[in-house]
There are 2 protein chains.
Amino acid sequence: MKLEQATIKDIARELNLSASTVSRALKNYPGISSETKRKVKAMAEKLNYRPNAIALSLRHSRSFTIGVIIPEVVHFFFSTVISGIEEEAFSRGYNVILTQTNEKLIREKSSIDTMLSNQIDGVLISYSKETTEFGHFSSLLEKGFPIVFFDRVPEIPKAITVTVDDFGGAYSATKHLLNQGFSRIVHLAGPPNLKISQERLRGYQAALRDHGIEPDPAWVVPCFLGTDQEAQQVTTKLLHSLPQRPDGIFSHNDMTAVGAMMACKAAGLRVPQDVGIVGFSNWQFCSMVDPTLSSVYQPGFEMGVKSTALLLDWIEKKFKPEEADKSVILDTELIVRKSSVR
Amino acid sequence: MKLEQATIKDIARELNLSASTVSRALKNYPGISSETKRKVKAMAEKLNYRPNAIALSLRHSRSFTIGVIIPEVVHFFFSTVISGIEEEAFSRGYNVILTQTNEKLIREKSSIDTMLSNQIDGVLISYSKETTEFGHFSSLLEKGFPIVFFDRVPEIPKAITVTVDDFGGAYSATKHLLNQGFSRIVHLAGPPNLKISQERLRGYQAALRDHGIEPDPAWVVPCFLGTDQEAQQVTTKLLHSLPQRPDGIFSHNDMTAVGAMMACKAAGLRVPQDVGIVGFSNWQFCSMVDPTLSSVYQPGFEMGVKSTALLLDWIEKKFKPEEADKSVILDTELIVRKSSVR
DNA sequence: TTGTACGCGTTATCAC
DNA sequence: GTGATAACGCGTACAA
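Note that the structure is a prediction, hence the values are computed from the model and not measured.

**Considering the protein's contact with DNA strand D**
Right, on to step 1. Neighbouring DNA strand D are 26 residues; Thr 21 and Arg 24 of chain A together with Ile 8, Tyr 29 and Arg 59 of chain B lie closest to it.
Right, on to step 2. The sugar-phosphate backbone supplies 60% of the atoms of DNA strand D found within 4 Å of the protein.
Right, on to step 3. Thr 36 of chain A is positioned with one of its side-chain polar atoms (N or O) 2.8 Å from a phosphate oxygen of DNA strand D.
Right, on to step 4. Between DNA strand D and the protein, one listed contact pairs a phosphate oxygen with a side-chain N or O atom of Tyr 29 of chain B at 2.4 Å.
Right, on to step 5. Within the residue set of the surface near DNA strand D, elements represented by two or more residues are helix 2 (19-26) and helix 4 (53-60) of chain A together with helix 1 (8-15), helix 2 (19-26) and helix 4 (53-60) of chain B.
Right, on to step 6. Partitioned by chemical class, the residues of the surface near DNA strand D number nine nonpolar, 11 polar and six charged.

**So, the relation of the copies chain A and chain B**
Right, on to step 1. The two copies are related by a screw operation: chain A maps onto chain B through 180° of rotation and 0.0 Å of translation along the axis, at an RMSD of 0.1 Å. Taken together, the rotation angle and the small translation identify this as a two-fold axis.
Right, on to step 2. Both copies share a contact surface, since 100% of the interface residues of chain A are interface residues in chain B too.

**Considerations on the state of the cysteines**
Residues and elements named next belong to chain A.
Right, on to step 1. For the structure shown, the criterion picks out zero disulfides over all chains.
Right, on to step 2. Residue Cys 223 stays outside any disulfide, its sulfur separated by 12 Å from that of Cys 264, the closest cysteine.
Right, on to step 3. For Cys 223, a relative accessible area of 0% translates into the label buried.

**Overview of the pattern of salt bridges**
Right, on to step 1. Applying the stated criterion to the full structure yields 34 salt bridges over all chains.
Right, on to step 2. A salt bridge links Glu 199 of chain A to Arg 202 of chain A; the shortest N-O distance between them is 3.0 Å. A residue pair is termed a helical-turn pair when its members lie 3 or 4 positions apart in one helix, as Glu 199 of chain A and Arg 202 of chain A do in helix 9 (residues 195-210) at three residues.
Right, on to step 3. Looking at Glu 199 of chain A, the relative accessible area reads 19%, which means it is buried.
Right, on to step 4. Of the charged contacts in the structure, one is a salt bridge between Glu 316 of chain B and Arg 92 of chain B, with a shortest N-O distance of 3.0 Å. In this pair, Glu 316 of chain B sits in the loop between helix 12 (300-315) and strand 11 (328-330) while Arg 92 of chain B sits in the loop between helix 5 (76-91) and strand 2 (95-100), placing the two residues 224 residues apart along the sequence.
Right, on to step 5. In this structure Glu 316 of chain B comes out as partly exposed when scored by relative accessible area, which is 31%.
Right, on to step 6. Of the residues examined, Arg 92 of chain B reaches a relative accessible area of 22% and is grouped as partly exposed.

**Some points on the domain arrangement of chain A**
Residues and elements named next belong to chain A.
Right, on to step 1. By domain assignment, chain A separates into domain 1 (8-50), domain 2 (61-164 + 300-330) and domain 3 (166-298).
Right, on to step 2. For domain 2 and domain 3, the distance between their C-alpha centres works out to 30 Å.
Right, on to step 3. In this complex, domain 2 contributes 14 residues to the contact, which on the side of domain 3 involves 16 residues.
Right, on to step 4. Summed over both sides, the interface of domain 2 with domain 3 buries roughly 1300 Å², with 57% coming from carbon and sulfur.
Right, on to step 5. The three residues of domain 2 that bury the most area against domain 3 are Phe 76, Lys 129 and Val 164, which together make up 45% of that side's buried surface.
Right, on to step 6. Between the two partners, domain 2 and domain 3, sit zero salt bridges.

**Points about the sheet that holds strand 8 (residues 248-251) of chain A**
Residue and element names in this part refer to chain A.
Right, on to step 1. If you trace the six strands from one edge of the open sheet to the other, you get 7-6-8-9-10-12, paired in mixed fashion. Each end of this open sheet is capped by a strand with a single partner; those strands are strand 7 (220-222) and strand 12 (333-335). Neighbour-to-neighbour, the strand axes of this sheet turn through a mean angle of 20°, independent of strand direction.
Right, on to step 2. As paired strands, strand 6 (residues 185-189) and strand 8 are joined by four bridges and run parallel to one another. Looking at strand 8, one finds that Val 186 is bridged to Ile 249.
Right, on to step 3. Sheet strands touched by helix 9: strand 6, strand 7, strand 8 and strand 9 (276-281). Its angle to strand 6, the strand with the most contacts, is close to 175°.
Right, on to step 4. Relative to the sheet, helix 11 (residues 254-266) contacts strand 6, strand 8, strand 9 and strand 10 (294-297), its axis offset from that of strand 9 by approximately 160°.

**Focus on helix 1 of chain B**
Residues and elements named next belong to chain B.
Right, on to step 1. Among all positions in helix 1, only Ile 8, Asp 10, Ile 11, Ala 12 and Leu 15 are buried.
Right, on to step 2. Summarising the contacts, the buried residues of helix 1 are in contact with helix 2 and helix 3 (34-46).
Right, on to step 3. The opening residue of helix 1, the one whose side-chain oxygen lies 3.1 Å from the backbone nitrogen of Lys 9, is Thr 7.

**With respect to unusual backbone geometry**
Right, on to step 1. The omega torsion of the bond from Val 271 of chain A to Pro 272 of chain A falls at 10°, within 30 degrees of zero and hence cis.
Right, on to step 2. Note the cis peptide between Asp 290 of chain B and Pro 291 of chain B, where omega equals 0°.
Right, on to step 3. Locating Pro 291 of chain B in the fold gives a position in the loop between strand 9 (276-281) and strand 10 (294-297).
Right, on to step 4. A positive phi angle, near 60°, is found at Asn 48 of chain A, a position not held by glycine.
Right, on to step 5. Locating Asn 48 of chain A in the fold gives a position in the loop between helix 3 (34-46) and helix 4.
Right, on to step 6. A relative accessible area of 34% places Asn 48 of chain A in the partly exposed class.

**Points about the pairing of strand 9 of chain B**
All names here are of chain B.
Right, on to step 1. In terms of burial, strand 9 is largely enclosed, as six of its six residues are buried.
Right, on to step 2. Relative to strand 9, strand 8 (residues 248-251) runs parallel, the two being bridged by three bridges. By the bridge assignment, Ile 249 is partnered in strand 9 with Ile 277.
Right, on to step 3. On the question of chirality, the crossover connecting strand 8 to the parallel strand 9 by way of helix 11 (residues 254-266) is right-handed.
Right, on to step 4. Pairing between strand 9 and strand 10: four bridges, direction parallel. Counted as the bridge partner of Phe 280 is Val 296 from strand 10.

**Regarding the packing of helix 1 (residues 8-15) of chain A against helix 3 of chain A**
All names here are of chain A.
Right, on to step 1. Running from N to C, helix 1 and helix 3 point in directions that differ by 120°, and their axes come no closer than 10 Å. In terms of orientation, helix 1 and helix 3 fall into the oblique class. Here helix 1 and helix 3 pass one another in a crossing that is right-handed. Contact residues: helix 1 offers Ile 11, Glu 14 and Leu 15, while helix 3 offers Lys 39, Val 40, Met 43 and Ala 44.
Right, on to step 2. Looking at side-chain class alone, the contact of helix 1 with helix 3 contains five nonpolar, no polar and two charged residues.

Procedures and definitions
Residues numbered from 1 in each chain as written. Chains lettered and ligands numbered in written order. Predicted model: local features only at pLDDT ≥ 70, side-chain atom pairs only at ≥ 80, totals over all residues. Heavy atoms only, no water. Near = heavy atom within 4 Å. Polar contact = N/O pair within 3.5 Å; in protein donor to acceptor, adjacent residues only side chain to side chain. Helix = DSSP H or I, 4+ residues; strand = E, 2+ residues; numbered from the N terminus. Nonpolar A, V, L, I, M, F, W, Y, C, P; charged D, E, K, R; others polar. Least-squares fit on C-alpha atoms with pLDDT ≥ 70 in both. Contact = heavy atoms within 4.5 Å. Disulfide = S-S within 2.5 Å. Buried < 20%, exposed > 50% of the residue type's maximum accessible area, 1.4 Å probe, protein only. Salt bridge = Lys/Arg side-chain N within 4 Å of Asp/Glu carboxyl O. Domains from an automatic or database assignment. Buried area = accessible area lost by both parts, 1.4 Å probe. Pairing = 2+ DSSP bridges. Axes fitted to C-alpha atoms, helices over the stretch in contact; angles between N-to-C directions. Right-handed = clockwise from strand over helix to strand, strands pointing away. Parallel < 35°, antiparallel > 145°, perpendicular 65-115°, else oblique. Left-handed = near helix turned anticlockwise from the far one by under 90°.

Structural data, given as C-alpha cells:
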C-alpha cells in the first residue's frame, strides 16, 4: 500500500478551481479572494494535504537537503557534531542526509555519488582514514559545488574548513603534564595523513621544547587504529622497551588514553602518582573511568552548527568562497581530572 | 554556483538523438543499435552524466529513501543500530535520512511530517521518552504506510516491531547476581512508559521470585533520565535510606550502572566484594571502567539490519503486514565481567 | 531502430 | 480574481 498523498490537483477538483488558484491561495498570494483562500485551506486541511517536496526540488533544482559524510557515528565526538548540524539545518529549513564511510575511501566516493544523484545542495565532510588524495573533492570544488570540511580537513586550495585548535589543545595538555612534574612524556599518535594528528603531535613537541626538552622520536608511538585494545598492547610494550620508563602519556584520543591507563594499572603502576595521563576529545566516559581521565574538550556541537552555517550561507549565496577565507578554528579546553594531577 | 548536472537532454542534443533513445540506450533496452548504445554511453561518461534521483522519485512516486527517527545519536546503542540500518539499506539501493528527536515528542511529529513531504517510502522509529500516545503512528499505519518500530516499540495494533529479549536479559542478569550470592538486589528502573523498561523490570522481578524472594517495590528506584549523575545521586541516597543496605544493583542501562558504581566506591564500598553490579546494553566503556562492568549485550547492528530488512520487504510488497506476525525478538547475552563476580 | 507525446506535482508567466 | 500553459528530468505507451 502506498500512502495516497492529496495533491493540489485533488483540492482543485474538489472545489472546482484550477490548480494555480489553489497554489496561490495556499501561499497567501495577493489577488485571491479571502473566501477562496478560506475554502482552499479548509479543504487542504480536510484532505491532509502536504506539499510534495520532491516536486518542489525538481522545479527549483534545489532539494533543500544537505549531505553529511563522516567516518563513523559510533564516535561520541561525531555524534555531537551531528546534533549541531541537525540543529542548524532544521532551523533553516534544510533536511540532512547522513552516511558513514566506516573509514573506507570507496564508501566515501560512492556516498558522494548517490548524494549528487539526489541533488543535495551541498555537503559536509570529515574524510576517512584511508583518504590520502582528494581528487573527488577538488573536482567538485572547482565546479563551485559547496563543500565544507570539518575536523578532518584536507589541505587543498579553496577548501573551507572548520576545525578545533588541535595544536593548542595538545600544547596545553602536554604543558599541564610538565607542570605537574611529569617529564618523560610519550605521545600515542594518530594516523599521520590526518591533519589533526599532525597538529596534535606538533603541539606536544612544541610544549616539550618550550620546557627545554628536545622531543625524542622514539617517544612518539603510533596508535593508528585508535582503539583501547591497541593502546593497551602498545603501552605495555612501551613500558619495558624504553631506556627510561615514561611517566606521562598524552594520547591523541580518549579510547587510547584509557587503553594506556589500563596497561599502566596492569603493570602495577599507579595513575596519576606514577604515570600522568591526558586524552583528547573529552568523551562521556572520561568522568566514569577510575581515575577520572583528564582530556582536551572539543566543541563538537558548536563545530556542527558552525560548519552548517557556513555551508548554508554559501548555498544561499550569502558569501562567495573566493572572496575571503571563511575557515574557522574553534577553541579547545583542557579539562583537568584526576589522571594527571599528583 | 549550482552544479550544472548533465541531463539526458544534453546527451541527446550532442548526438542529435531524441531523449527517449538516450534513455533507452543507457538502460540497455533491446531494440537499440549497439552502435548507438556505445555512442550514448561514451557521451554520458564524457559529460559526467548522473541520473537525477529527484526526477525518478517524482515519476515513480517512490523515493527509494527511508526515514529513521531515533531519540539520540550519542547513544552508543543507537549508533550501532544506525550502522546496521545503513548497511542493509545501501545494499538494497535505498538512501537513509536520519533525524533525532532529542527525546521530544514535538520533534518526533515534525520529523515525520517533513519526511512524508519528502516522500519517503517507509520509516523506522524508536520513539521518544515523552511519547505516551501513538496517534501520529497509528493514523499512518491505518493508511498502510510502512513503519517498523525498533527497540522502543509501542503496543498498538498492526505494529511491526523488532526488539531484544529485554525480559530474558534482565532475568539472567538478576539470576547471575543471585547465583553469586547477592540477595538484596535493587533495580534502577527506566521510564515506565517504555516497554523495554517494563520488561527489564519484569525480568528482574521474575528472577527474584524464582529464587524465592518476593520483590519489594521499595527496591525499585526510578532513574528516568538515565544519566550517570542521576544514578550516582539516587544510589548514594539509597545506600542509607533502605532498612538493609543493598548488596546488588541491576540497572536498566550502563550509564546508570556506572553512576551506581561510582556512588558505591565513594561510599567506601568495594565492587564486587560488597556490592555486585550489572548494567544493560554493553556499551563500549564497560570494559574500560574499574572494575569492568558486567552487562547485557544487545545486538544493535543486527537489530538495524533486521528492522530495515522487514521494512524494505514490506515496501517492496514481499509480505503483507496483516498476513502474519513478522515481529522479531533478538537474543541478548549476559557479558560477565568483574563488577558482579566475587 | 528511433521519435513523439504525456505525466509525475508544483509554480511562474501570461492571458482573460 | 482566476485559468491555461509550460517547465523541471525521466520513462514509457504508442506511432512511425
